[in-house]
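Report on the structure
As a plain string of letters, each chain reads:
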Amino acid sequence: MASESSPLLAYRLLGEEGAAFPPNGAGGSGVASARKLSTFLGVVVPTVLSMFSIVVFLRIGFVVGHAGLLQAMAMLLVAYIILALTVLSVCAIATNGAVRGGGAYFMISRTLGPEVGGSIGLMFYLANVCGCAVSLLGLVESVLDVFGADVTGSSGIRVLPQGYGWNLLYGSLLLGLVGGVCTLGAGLYARASFLTFLLVSGSLASVLISFVAVGPRDIQLAPRPGTNGSSVPPRYGHFTGFNGSTLKDNLGAGYAEDYTTGAMMTFASVFAVLFNGCTGIMAGANMSGELKDPSRAIPLGTIIAVAYTFFIYILLFFLSSFTCDRTLLQEDYGFFRGISLWPPLVLIGIYATALSASMSSLIGASRILHALAQDDLFGVILAPAKVVSGGGNPWGAVLYSWGLVQLVLLAGKLNTLAAVVTVFYLVAYAAVDLSCLSLEWASAPNFRPTFSLFSWHTCLLGVASCLLMMFLISPGAAGGSLLLMGLLSALLTARGGPSSWGYVSQALLFHQVRKYLLRLDVRKEHVKFWRPQLLLLVGNPRGALPLLRLANQLKKGGLYVLGHVTLGDLDSLPSDPVQPQYGAWLSLVDRAQVKAFVDLTLSPSVRQGAQHLLRISGLGGMKPNTLVLGFYDDAPPQDHFLTDPAFSEPAEGAREGGSPALSTLFPPPRAPGSPRALSPQDYVATVADALKMNKNVVLARACGALPPERLSRGSGSSAQLHHVDVWPLNLLRPRGGPGYVDVCGLFLLQMATILSMVPAWHSARLRIFLCLGPREAPGAAEGRLRALLSQLRIRAEVQEVVWGEGAETGEPEEEEGDFVNGGRADEEAEALACSANGLVRAQQGRGTGGGPGGPEGRDGAEGPTTALTFLYLPRPPADPARYPRYLALLEILSRDLGPTLLVHGVTPVTCTDL
């Protein structure tokens, strides 16, 4: 037990200070001491400031003035329901395990995988970058509204020059201040955020007190943009104090033109502005790498922040509706200054919220980028973001993000960026809800969050509401964001990513597959939906690669299992030698590009191991019904790894120091003349065992001679014509009559037809050979066979050959259907096998019309050639002592025929019904 390892050992569960997070928990790169922020400073403060932003001071009048109190409250309720649904999902995921740096990106990527998580993480990063720029641009506008040289109205202090260049300069200076705070670390950011929180709280407190303490007054309204203020008489809004008639007038909606843009407002446009101002619920989660206990701090702090901001918004909506007439609300969005006991304090609050929102966005963006860089999803382009200071602060990611924000500031279009930022945020929120929904639907035993106030209904409603809000706010930005996410996911899928995160997709697949396997009732199987389910026994894949690919083509969407028997006895071994081999075999499946499962077993003999695999491979209605074996002959084994393009080059992982090449995982082929793990007696006994277990049997010979294009996934088109020959009659016991209509003969026809349906074999022509007895008239049997093929919808050429002169007309039918138990002498049986082999070889050298193929013959480069031959496999004799002789006759029968499949079917596989 001392050598056993567990994922739990990666966590310092019993280490000093009882740390419950990975050693590199601070964003995956710093030290544990970097986690020093409390719930209040690390989650509550940044989340409250992000959800307030500048909206709480400059858009309360806008929302209430246009929508009225009732609709404004409804908007707020809907917005917070959408946010609360996402918060429930965040809380569930955050309390289900140790949360490292990256916040929402970490939660999404470790649930939905690197493809989706990386794409959404990058979009969430860009949303924070643009959000920082939007906050700074809003702050610059707010400063210039008071201190700008071009400001209109009587209250302005005209000291700051204006213009694009000056605005960019002011934004860059503010960005330098914000970037400097974030570069110096999370501790300074937390202290700065706390100071900002105190300023915002003090400003809001003064506003709330002013609603009660200030008496009725008239507030002069600034002239609308584009008008000459000197020629227009002054207009006034009215602060009435608490007045029932004012409240009554403000209950209903009164949508009008926005005095700042001149656009006509609607429910959707007002709702979009309100929702855009309260989307900062992830600000605390983004600090997960700096929190002392993120699993506790993120849910608790986020819920407190959401509840607090909701209460403040409701209170401000109600007080504004009770005390301000609609003219003041619609024509002066900054009316808080006009009613405040001390107007400069309101300005301080506006500037503080904008500054804190920009800091929160920048430091959140840097933590997301650092997590993306640590996961190495986008390669060297994010390598600078991995740099951290001695205290664990990712200053490289901060500088990286600072540069991108500076580029965004060059655009200077606040309104254009706002919608895109909100849509990107909503994509991330929808992904968090989808992550929680996937975990809940997967029913994984390890998904047991301590936060239980959620269900799959809340997750699904959260996904739907976020998507709806995206298209309500900006259909163009929503469609573009989804397209961008798809392109990024495709890029990450093509590039590949880590496979050790534990994706929920695998859990969902397991859940669904188990459910449908239970519904796949073997008692309801019908012959018209039969498909081959193959178990291919492989000794060494180096010599079986062509057969491995040919079997993949024969499965026709059915189960395909690669089986291997390791010789040994578990009682005499210290551990199971089979389990470590699975990785090599799964790599083989990947490199060979076949759709197969792997099943390995340990057994004292290959025959017993084959019995084990035939009995226990598969599950429920998906169990092998056909055993495929390579042919037992004296041909020297070939190493196809040396010639196959997929194996001649090392894998990416091997070149980069990853898993070793497959050439080192499988032993070299057996040397000619060296002893085999399977004797001829056991080989035939394995065939007999499979038939006793009611399994079909396919023996494959000389598959290494198949043309490479026939084993590929392409169309198989080539200039040279190929045939697939089918002999649905036991050539070792010739007899006239309708022998081709027995179960085994029909099974041969079905397997050959399945192969012809594979794209690589479309150009090959199917030929069925009908053997006539010496006394059988030509044409009659061919007509019956063509009628049968028409009923079975099989397109093939039928050719008659005379065979069976030596058959005894009065010979009784044997249960095993072969000549070996029919009393023939060995010399006579061998002569019959040689004659049958000559017959098949002669037909391989003939053209499609039945005439001679010309001088090119079967090996010529110009005429048609037989690419693959299907032969009827007789049952092994009942006497095990005759097994070696049986195998020798099969060798004579299939000698020099090229690629050959000897097939014996025991189950009905064809149906003429619809």
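First things first, this report covers the structure right here in the doc. For every chain, the first residue of its written sequence is number 1, and the numbers climb from 1 along that sequence. Under the rules for a predicted model, residues below a pLDDT of 70 receive no local features and side-chain atom pairs below 80 are neither given nor counted, while totals for whole chains, interfaces and linings still include all residues. Values reported for side chains reflect all heavy atoms of the structure, with hydrogen atoms and water molecules removed beforehand.

What follows covers the side chain of T47. The way it works is that DSSP assigns letters per residue, a run of H or I at least four long becomes a helix, a run of E at least two long becomes a strand, and they are numbered from the N terminus. As for its placement among the helices and strands, T47 is situated in helix α1 (residues 39-52). The contact criterion used is simple: two residues touch if any of their non-hydrogen atoms lie within 4.5 Å. If sequence neighbours within four positions are ignored, T47 has contacts with G280, I281, A283, G284 and A305.

This paragraph deals with the sheet that holds strand β10 (residues 797-802). Paired strands, in this sense, are two strands between which DSSP finds at least two bridges. Reading across from one edge, β5-β4-β3-β6-β7-β12-β11-β8-β9-β10 is the order of the 10 strands in this open sheet, with mixed pairing throughout. Because the sheet does not close on itself, it has two edges, and the strands there are β5 (597-603) and β10. Sheet twist, expressed as the mean angle between neighbouring strand axes with direction ignored, is 25°. With 3 bridges connecting them, strand β3 (residues 534-537) and strand β6 (residues 626-630) associate as parallel partners. By the bridge assignment, L535 is partnered in β6 with L627. Every angle, taken between N-to-C directions, lies between 0 and 180 degrees, and every axis is a line fitted to C-alpha atoms, over only the stretch in contact when it is a helix. Against the sheet, helix α25 (residues 743-756) engages β6, β7 (696-701), β8 (722-727), β9 (765-772), β11 (865-872) and β12 (900-904), with an angle of about 150° to β11.

Most often, soluble globular proteins keep nonpolar side chains buried together rather than apart. F211 and F336 are the most contacted members of the largest nonpolar core, which has 154 residues in total. Residue contributions to this core peak at 19 residues, all from helix α3 (residues 60-94). Here F211 is in contact with F239, F242, L316, L319, S320, T323, C324, F335, F336 and I339, once residues within four sequence places are set aside. As used here, the term nonpolar core means buried Ala, Val, Leu, Ile, Met, Phe, Trp, Tyr and Cys residues forming a set that is joined through side-chain atoms within 4.5 Å. For every residue, the accessible area (1.4 Å probe, protein chains only) is compared with the maximum for its type, and the residue is labelled buried under 20%, exposed over 50%, or partly exposed between those bounds.

Patches here are clusters of residues that have more than 30% relative accessible area and form no salt bridge, with a 9 Å joining cutoff for like charges and a 5 Å cutoff for nonpolar side chains (Val, Leu, Ile, Met, Phe, Trp, Tyr). Note on areas: Shrake-Rupley with a 1.4 Å probe; residue coverage comes only from the protein chains shown. By definition here, a salt bridge exists when the distance from a side-chain nitrogen of Lys or Arg to a carboxyl oxygen of Asp or Glu is within 4 Å. Residues scored as positive are Lys and Arg, those scored as negative are Asp and Glu, and His as well as the terminal groups of each chain are ignored. Every charge is mapped onto a representative atom, which is NZ of Lys, CZ of Arg, CG of Asp or CD of Glu. On the surface, a cluster of positive charge is contributed by R514, K515, R519 and K524. In this fold, R514 is placed in helix α18 (residues 504-519).

Most of β9 sits out of view: 7 of its 8 residues are buried. Sheet topology places β8 next to β9; 4 bridges connect them, and they run parallel. The partner of V726 across the bridge, within β9, is I768. Here 6 bridges tie β9 to β10, and the two strands are oriented parallel to one another. Along β10, the bridge assignment pairs C771 with V801.

So, on to helix α26 (residues 780-791). Working rule for helices: expected span equals 1.5 Å times residues minus one. With 12 residues, α26 extends 17 Å between its outermost C-alpha atoms, agreeing within 8% with the 16 Å of an ideal straight helix rising 1.5 Å per residue. Among the residues of α26, A781, E782, L785, L788 and L789 are the ones counted as buried. Summarising the axial view, the buried residues of α26 lie within an arc of 125°, below the 170-degree limit, and thus occupy one face. Of the surrounding secondary structure, the elements contacted by the buried residues of α26 are α25, β9 and β10. The first or second residue beyond α26 is R793, which carries a positive phi of 60°. Throughout, the arc means the angular range of directions from the helix axis out to the C-beta atoms.

Moving on to the packing of helix α7 (residues 186-213) against helix α13 (residues 343-375). Running from N to C, α7 and α13 cross one another at 150°; their axes reach a closest spacing of 8 Å. It follows from the interaxial angle that α7 and α13 lie roughly antiparallel. Seen from above, α7 lies across α13 with left-handed handedness. Between α7 and α13, the residues in contact are A186, Y189, A192, S193, T196, L199, V200, G202, S203, S206 and V207 and L345, V346, I348, G349, A352, T353, S356, M359, S360, I363 and R367, respectively. Residue classes in the contact of α7 with α13 are distributed as 12 nonpolar, 9 polar and 1 charged. Each angle is binned into one of four classes, with values under 35 degrees roughly parallel, values over 145 roughly antiparallel, values of 65 to 115 roughly perpendicular, and all other values oblique. Crossings are assigned a handedness: left-handed for a near helix turned anticlockwise from the far helix by less than a right angle, right-handed for a clockwise turn. Under the scheme applied here, ten amino acids are nonpolar (Ala, Val, Leu, Ile, Met, Phe, Trp, Tyr, Cys and Pro), four are charged (Asp, Glu, Lys and Arg), and all others, including Gly, are polar.

Turning next to a nonpolar patch on the surface. Judged by side-chain polarity, L195, L199, I209, L341, W342 and I348 come together as a nonpolar surface patch covering roughly 590 Å² of accessible area. If one sorts the elements of the nonpolar patch by residue count, α7 sits on top with 3 residues. Relative to the elements of secondary structure, I348 occurs in helix α13. Overall, I348 belongs to the partly exposed group, its relative accessible area being 32%.

Turning our eyes to something else, we now look at the packing of aromatic side chains. Each Phe, Tyr or Trp ring, with Trp reduced to its six-membered ring, pairs with another whose centre is within 6.5 Å; inter-plane angles below 30 degrees give stacked pairs, above 60 give edge-to-face pairs, and intermediate values give tilted ones. Evaluated as defined, the whole model comprises 26 aromatic pairs. Aromatic side chains F40 and F194 sit 6.1 Å apart centroid to centroid with 75° between the ring planes, which places their arrangement in the edge-to-face category. Taken together, the residues F40 in helix α1 and F194 in helix α7 connect sequence positions 154 residues apart. Ring plane angle 55° and centroid distance 6.2 Å describe the contact between F271 and F275, whose orientation is recorded as tilted.

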